[in-house]
Amino acid sequence: MVNTFQIYFSPNLALCKSQIEAWLSDYSMKVEWRCIDSIEECPASEIVLVAEGDLSTKDRRLLAARRSLVVVERWSLDASVKWIKMGATNCFDSASTAHIASWLFSECTHFTRSESEKVDNSMLQIVIDTIPVPIFYKDHLHIYRGCNDAFCDFLGYPKERIVGCSVYDIAPKHLADIYYSADCELLAQGGTQQYEAEARYANGTIHEIEFNKAVFLRPDGLPGGQVGVMLDITERNQLMRELEKSSQTDQLTGAANRRSFDQMIHEEWKNSKESGKPLSLISLDLDHFKKINDQYGHSGGDTALKLIVNWLDDHLEEGDSLYRIGGEEFYILMTDTDLKKALVKAESLREGLAQHAFTIQNHEVNMTLSIGVVQLDMDVILDKILELIDRALYEAKNNGRNQVRAAT
Ligand SMILES: Nc1nc2c(ncn2[C@@H]2O[C@H](COP(=O)(O)OP(=O)(O)OP(=O)(O)O)[C@@H](O)[C@H]2O)c(=O)[nH]1
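Residues numbered from 1 in each chain as written. Predicted model: local features only at pLDDT ≥ 70, side-chain atom pairs only at ≥ 80, totals over all residues. Heavy atoms only, no water.

Caption draft 1: Highlighting the packing of aromatic side chains. Scanning all chains against the criterion turns up 12 aromatic pairs. Where Tyr179 meets Phe211, the ring centres are 5.3 Å apart and the plane angle is 50°; that geometry is what we call tilted. Here Tyr179, found in helix 8 (residues 173-189), pairs with Phe211, found in strand 9 (residues 206-217); they are 32 residues apart in sequence, far enough to count as distant. Residues Tyr179 and Phe211 agree in their burial class; the two are buried. Look at Tyr195 and Phe211: their rings are 5.0 Å apart centre to centre, the planes differ by 15°, and that puts the pair in the stacked class. (Phe/Tyr/Trp six-rings, centres within 6.5 Å; stacked < 30°, edge-to-face > 60°. Helix = DSSP H or I, 4+ residues; strand = E, 2+ residues; numbered from the N terminus. Buried < 20%, exposed > 50% of the residue type's maximum accessible area, 1.4 Å probe, protein only.)

In structure tokens form, the structure reads like this:
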């Protein structure tokens with residue numbers, strides 16, 4: 001393919017231009033020549049060849065604004081440096097047409113390359129600006145080298161305020177410390193990295209962000225820096241927290257459920273083993289609850305269960321946690337509590353509830369509890385402990401209900 005280039009020249013170069021043209025044609029370059037009387041006629045940043053003798057004082061001031069080659073009668077390094085200092089891009093003598101052709105070839109092809117790079121770069125920028133999640137890239141010295149519009153919106157700064165800065169210039173120090181240490185780790189290990197961290201948006205709101213970053217390599221294979229994409233996962237995490245909470249909560253009463261108990265007992269068991277502090281469990285079962293349902297209907301029974309949970313909640317102490325294990329059966333797990341203390345607590349709950357009148361459908365209703373109590377023996381497996389407490393509760397029921405029995 002033959003590329004055509006527009007080159008401007010001053011009148012005194014009319015003779016050597018045909019020789020230059022001949023040289024260039026060997027390399028698939030076609031030149032459209034335009035003779036000008038003043039550099040002013042050559043558009044800014046275009047290539048202009050000017051004979052030294054054609055240069056007016058006004059022209060000299062315009063040398064730097066064009067890609068200008070000054071052609072002198074006799075070349076010397078001094079002369080060349082003088083014109084370059086004055087703003088010329090280069091300087092040759094009129095006999096060196098091959099050198100001039102070589103210079104033109106370099107200027108034209110380099111220009112073509114950098115123009116196409118510019119187009120590619122701006123195209124790439126348009127593309128990343130269109131992506132609706134924040135994207136940034138930094139060099140190997142942790143300096144931002146580029147970003148997209150979404151990143152600017154997130155920070156509330158224009159690109160000019162971000163590019164050339166480090167993370168310490170744009171984020172609060174406590175967050176910048178987190179990002180910087182993750183950046184160092186990524187650059188050291190290479191590849192990709194994913195982590196979650198908080199980020200403060202321009203409007204002051206704190207968001208939970210999943211950072212997805214990767215190291216990019218320079219053409220010589222060394223790390224050139226890193227590119228990162230920020231995904232806002234605040235809503236997703238919030239939803240997950242709600243789901244997690246609801247999976248651990250009894251829908252009717254709002255008490256923690258059996259699933260939650262199964263997790264907590266293992267945790268507290270471990271804590272207790274480590275700390276040597278006693279751990280006790282109370283199992284409470286409402287007596288003749290069926291009668292409440294029979295008398296006030298299922299919704300009356302539901303109300304009773306909610307009232308009971310509220311009442312028990314009000315009587316918990318620090319370190320106690322309440323769980324609804326089944327229909328009308330509850331556990332209270334008591335940390336730092338031995339059997340003696342747990343029995344006192346169980347008795348006070350039994351007595352307190354028996355004396356309390358609940359209001360269900362405008363009726364005063366009294367309920368009682370049968371209670372089993374156990375202090376967890378760290379050498380006995382958990383299933384066995386739960387068996388023991390069930391047996392104690394069974395005994396309390398069998399012995400007439402409304403009473404407390406310790407597991408033996
Ligand atoms: N309204 C309501 N009733 C429930 C719920 N879960 C279980 N029940 C009822 O609780 C009652 C439990 O009955 P039983 O196991 O015979 O126990 P009880 O009547 O309390 O008798 P004892 O435990 O032997 O004192 C049943 O009638 C169940 O329908 C619930 O979520 N809501």
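Caption draft 2: Spotlight on the sheet that holds strand 9. If you walk across this open sheet you meet the five strands as 7-6-10-9-8, and the pairing is antiparallel. At either margin of the open sheet sits one strand with a lone partner, and together these are strand 7 (144-147) and strand 8 (192-200). The mean angle between the axes of side-by-side strands here comes to 25°, regardless of whether they run parallel or antiparallel. In this sheet, strand 10 (residues 223-232) lies alongside strand 9 in antiparallel orientation, the contact comprising nine bridges. (Pairing = 2+ DSSP bridges. Axes fitted to C-alpha atoms, helices over the stretch in contact; angles between N-to-C directions.)

Caption draft 3: Here's a closer look at the packing of helix 10 (residues 258-275) against helix 13 (residues 382-398). Where helix 10 meets helix 13, the closest approach of the two axes is 12 Å, and the angle between their N-to-C directions is 115°. As for how helix 10 packs across helix 13, the hand of that crossing is right-handed. Taken together, the residues of helix 13 that come into contact with helix 10 (itself represented by Arg258, Phe261, Ile265, His266 and Trp269) are Leu382, Ile385 and Leu386. Taken together, the residues that form the contact of helix 10 with helix 13 break down as six nonpolar, one polar and one charged. (Left-handed = near helix turned anticlockwise from the far one by under 90°. Contact = heavy atoms within 4.5 Å. Nonpolar A, V, L, I, M, F, W, Y, C, P; charged D, E, K, R; others polar.)

Caption draft 4: Layout of the environment of Thr234. Positionally, Thr234 belongs in helix 9 (residues 234-247). Once the C-alpha coordinates of Thr234 and His207 are considered, the two residues, 27 residues apart in sequence, prove to be 5.7 Å apart. A distance of 2.9 Å separates a polar atom in the side chain of Thr234 from the backbone nitrogen of Glu208. (Polar contact = N/O pair within 3.5 Å; in protein donor to acceptor, adjacent residues only side chain to side chain.)

Caption draft 5: How the structure looks around the side chain of Asn148. With respect to the element layout, Asn148 can be found in the loop between strand 7 and helix 5 (149-155). The exposure class assigned to Asn148 is buried, which follows from its relative accessible area of 0%. In this structure Asn148 touches Gln125, Ile128, Asp129, Ile131, Val133, Pro134, Ile135 and Lys159, once residues within four positions along its chain are discounted.

Caption draft 6: Fine view of the site of the ligand. Neighbouring the ligand are 17 residues, the closest being His288, Phe289, Lys290, Asn293 and Asp302. In this structure, a nitrogen atom belonging to the ligand sits 2.8 Å away from a side-chain N or O atom of Asn293. Its free accessible area being 660 Å², the ligand has 67% of it covered by the protein chains. If you list the elements that add at least two residues to the shell around the ligand, you get strand 11 (279-286) and helix 11 (289-314). It is helix 11 that provides the largest number of residues to the shell around the ligand, a total of seven residues. (Near = heavy atom within 4 Å. Areas by Shrake-Rupley, 256 points an atom, 1.4 Å probe, with all protein chains shown as cover.)

Caption draft 7: Representation of the pairing of strand 16 (residues 369-375) within the structure. The buried count for strand 16 comes to six of seven residues, which makes it a mostly enclosed element. Pairing between strand 16 and strand 17 (residues 404-406): three bridges, direction parallel. When the sheet's bridge partners are listed, Val373 is paired in strand 17 with Ala406. In this region the chain leaves strand 16, passes through helix 13 and returns to the parallel neighbour strand 17; the handedness of that crossover is left-handed. (Right-handed = clockwise from strand over helix to strand, strands pointing away.)

Caption draft 8: Region of the structure containing the pattern of salt bridges. Counted under the stated rule, the structure contains 20 salt bridges. For the salt bridge of Glu210 with Arg236, the shortest nitrogen-to-oxygen distance reads 3.8 Å. A residue pair is termed long-range when its members are at least 10 positions apart, and Glu210 in strand 9 and Arg236 in helix 9 qualify at 26 residues. Residue classification places Arg236 among the partly exposed residues on the basis of a relative accessible area of 40%. Here Asp220 and Arg218 are joined by a salt bridge, their closest N and O atoms 2.7 Å apart. Its relative accessible area of 34% is what places Arg218 among the partly exposed residues. (Salt bridge = Lys/Arg side-chain N within 4 Å of Asp/Glu carboxyl O.)

Caption draft 9: Just the sheet that holds strand 12 (residues 320-324), in detail. Taken in spatial order, the five strands make up an open sheet running 12-13-11-16-17, and their pairing is mixed. If you trace the sheet from one side to the other, it starts and ends with strand 12 and strand 17, each paired once. When strand polarity is set aside, the average angle formed by the axes of neighbouring strands in this sheet is 20°. The strands that helix 10 touches are strand 11, strand 12 and strand 13 (329-335); relative to strand 13, the one it contacts most, it runs at about 20°. Lying over the sheet, helix 13 contacts strand 11, strand 13, strand 16 and strand 17, oriented at roughly 145° with respect to strand 16.

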